[in-house]
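Results of the structural survey
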Amino acid sequence: MNIARTTLSSKILQGKKDYFSKLCVDAVLKLNGKTDLQGIQIIKRLGNNMSDSYLEEGFLLEKRIGINMPKRLENARILIANTPMDTDKVKIFGARVRVDTVAKVAELELAEKEKMKDKVNKILQHNCNVFINRQLIYDYPEQLFAEKGVMAIEHADFEGVERLAQVLGGDIVSTFDTPDKVRLGKCDLIEEIIIGEDKLIKFSGVAQGQACTIVLRGATQQILDEAERSIHDVLCVLSQTVKEPRICYGGGAAEMLMATAVSQLAVKTAGKESVAIESFARALRQLPTIIADNAGYDSAELISNLRAAHTSGKSTFGLDMENGRIADMIQLGILESFHLKQQVVRSAAEAAEMVLRVDNIIRAPVRQRERDMRHH
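Reading the values: the criteria
Residues numbered from 1 in each chain as written. Predicted model: local features only at pLDDT ≥ 70, side-chain atom pairs only at ≥ 80, totals over all residues. Heavy atoms only, no water. Helix = DSSP H or I, 4+ residues; strand = E, 2+ residues; numbered from the N terminus. Buried < 20%, exposed > 50% of the residue type's maximum accessible area, 1.4 Å probe, protein only. Contact = heavy atoms within 4.5 Å. Areas by Shrake-Rupley, 256 points an atom, 1.4 Å probe, with all protein chains shown as cover. Lys, Arg positive; Asp, Glu negative; His and termini not counted. Charge placed at Lys NZ, Arg CZ, Asp CG, Glu CD. Domains from an automatic or database assignment. Buried area = accessible area lost by both parts, 1.4 Å probe. Salt bridge = Lys/Arg side-chain N within 4 Å of Asp/Glu carboxyl O. Pairing = 2+ DSSP bridges. Axes fitted to C-alpha atoms, helices over the stretch in contact; angles between N-to-C directions. Phe/Tyr/Trp six-rings, centres within 6.5 Å; stacked < 30°, edge-to-face > 60°. Lys NZ or Arg CZ within 6 Å of the ring centre and 35° of its normal. Right-handed = clockwise from strand over helix to strand, strands pointing away. Arc of directions from axis to C-beta. Parallel < 35°, antiparallel > 145°, perpendicular 65-115°, else oblique. Left-handed = near helix turned anticlockwise from the far one by under 90°. Nonpolar A, V, L, I, M, F, W, Y, C, P; charged D, E, K, R; others polar.

This next bit is on the overall build of the protein chain. In terms of helices and strands, the protein chain carries 11 helices and 14 strands. Counting every position in the protein chain, which comprises 376 residues, the buried fraction comes to 39%. Long-range contacts, defined as pairs at least 24 residues apart, comprise 71% of the intrachain contacts of the protein chain with a sequence gap of at least 6. As displayed, the protein chain has an accessible area near 22,100 Å², and 52% of this comes from carbon and sulfur atoms. Positive and negative side-chain charges in the protein chain, numbering 51 and 51 respectively, have mean positions lying 4 Å apart.

In structure tokens form, the structure reads like this:
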């Protein structure tokens, strides 16, 4: 919880970080130790306050159920497809079909209908009672599905279909000739719900039982977009923390602790290497300096006090930016993920090394060419 609160401290959700920290922790705990965030969906809806956001059990799809179809279905067997369900016409640019009489036009339309009917029958042979398609479903196939009591959902976006297939444990198919080899998705209940002024489809009791949806509410689209980015950052940090439970102290405490250890190593190292080691220590101390500068405080005084505290053995002390002083991070509950901090230091060191290598190449002197005297 403290790691989530620390991550949200610099975000737009800072004023409600306790509420959203609990919401994010509950969502990550439903993954049962997995780090794949596909099971957590974020849906944004205009209206109400940010505090009206909530965690919904199951998976929500931002689509509507077809006309004259059941709005609630239990023990669903779901076929997920990415196939054209419009009238099968000659899909060649500039192609024409010429007929002599109106009767032949009717025959052509009838042939198209029969072809679509055969396709629907092949779909029904999969023994599914729900058909979800990424592409449009035209009126005629939708009518055929309704007559058979099959719920049809059209135009589900690609990301939604991919995530839905993973959550439901089904395959995405485009041909229907081998129904015995297709794995259907399953869930206990499909129903249409209303959030705000919009209708959505809720999948409860999915095969991936830990799936859930975070519904964000807000006054403007900009607030919702920023809140989504903040929530995603927290979910990423928490999922990695579950995998690697070790933590470190925030507020610049970890960086100052590393800088102190590196400085001590520089003192013990002889030669020019000590200069490079001391430069690395100064770079580490720049991180808490930037934190203090961004908060509008006197970074020189705060960093000096923090350095003195760490030198005297107070290794858990960091920057308290709410009061503009140094304080014990354990008491304030400011913690960070060890895995994340480790990755930050590694990435920064690799980036600096890459820049230095490129800089050396740029500054390399031009090779002196000897004058060719063969033509003289």
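Next comes the rest of the write-up.
On to the domain arrangement of the protein chain, then. According to the domain assignment, the protein chain consists of domain 1 (1–57 + 219–243), domain 2 (59–91 + 99–206) and domain 3 (249–357). Taking the mean C-alpha position of each, domain 1 and domain 2 sit 32 Å from one another. When the buried surface of domain 1 facing domain 2 is broken down by residue, Gln38, Gln41 and Arg45 rank first, second and third, together holding 52% of it. Inspection of the domain 1/domain 2 interface yields three salt bridges. Here Arg45 makes a salt bridge to Asp198, at a shortest N to O gap of 2.9 Å.

A word on the sheet that holds strand S1 (residues 40–46). One open sheet accounts for three strands, arranged S1-S10-S2; its pairing is mixed. Strand pairing shows two members of the sheet lacking a second neighbour, S1 and strand S2 (54–57), which therefore form its edges. Here the strands of the sheet are splayed against their neighbours by 30° on average, with no regard to which way each runs. With seven bridges connecting them, S1 and strand S10 (residues 212–218) associate as parallel partners. Across the sheet, residue Leu46 finds its bridge partner in S10, namely Gly218. Lying on the sheet, helix H2 (residues 17–29) is in contact with S1, S2 and S10; it crosses S2 at an angle near 20°. Sheet contacts for helix H6 (residues 221–243): S1 and S10; angle to S1, the most-contacted strand, approximately 165°.

One pass over the structure, following the stated rule, counts three aromatic pairs. Its guanidinium or amino end placed over the ring of Tyr140, Lys113 lies 5.3 Å from that ring's centre, counting from NZ or CZ. The residue whose ring lies beneath Lys314 is Phe317, and the NZ or CZ to ring-centre distance is 5.4 Å.

The side-chain alternation of strand S5 (residues 130–133) yields two buried faces, one formed by Val130 and Ile132 and the other by Phe131 and Asn133. As defined by bridge partners, strand S4 (residues 72–81) adjoins S5 across four bridges and the pair is classed as parallel. Counterpart to Ile80 in the pairing with S5 is Ile132. Pairing analysis gives three bridges linking S5 to strand S6 (residues 151–153), with the strands arranged parallel. Within S6, the position partnered with Ile132 by the bridge is Ile153. For the crossover that starts at S5, traverses helix H4 (residues 139–147) and ends in the parallel S6, the hand is right-handed.

Within the sequence span of H4, burial applies to Pro141, Glu142, Leu144 and Phe145. The arc that holds the buried residues of H4, viewed along the axis, is 160°, so those residues lie on one side. H4 presents Asp139 and Glu147 as exposed residues on the side facing more than 90 degrees away from its buried surface. Of the surrounding secondary structure, the elements contacted by the buried residues of H4 are helix H3 (102–124), S5 and S6.

Right, let's get into the side chain of Ser239. Topologically, Ser239 is positioned in helix H6. Once residues lying within four places of it in the same chain are set aside, the contact partners of Ser239 are Val28, Thr35 and Leu37.

On to the packing of H2 against H6. Running from amino to carboxyl end, H2 crosses H6 at an angle of 50°, the nearest separation of the two axes being 10 Å. Taken together, the axis directions place H2 and H6 in an arrangement best described as oblique. Every pair of crossing elements has a handedness; the one defined by H2 and H6 is right-handed. Of the residues in H6, those in contact with Phe20, Cys24, Val25, Ala27 and Val28 of H2 are Ile231, Val234, Leu235, Leu238, Ser239 and Val242. Residue classes in the contact of H2 with H6 are distributed as 10 nonpolar, one polar and no charged.

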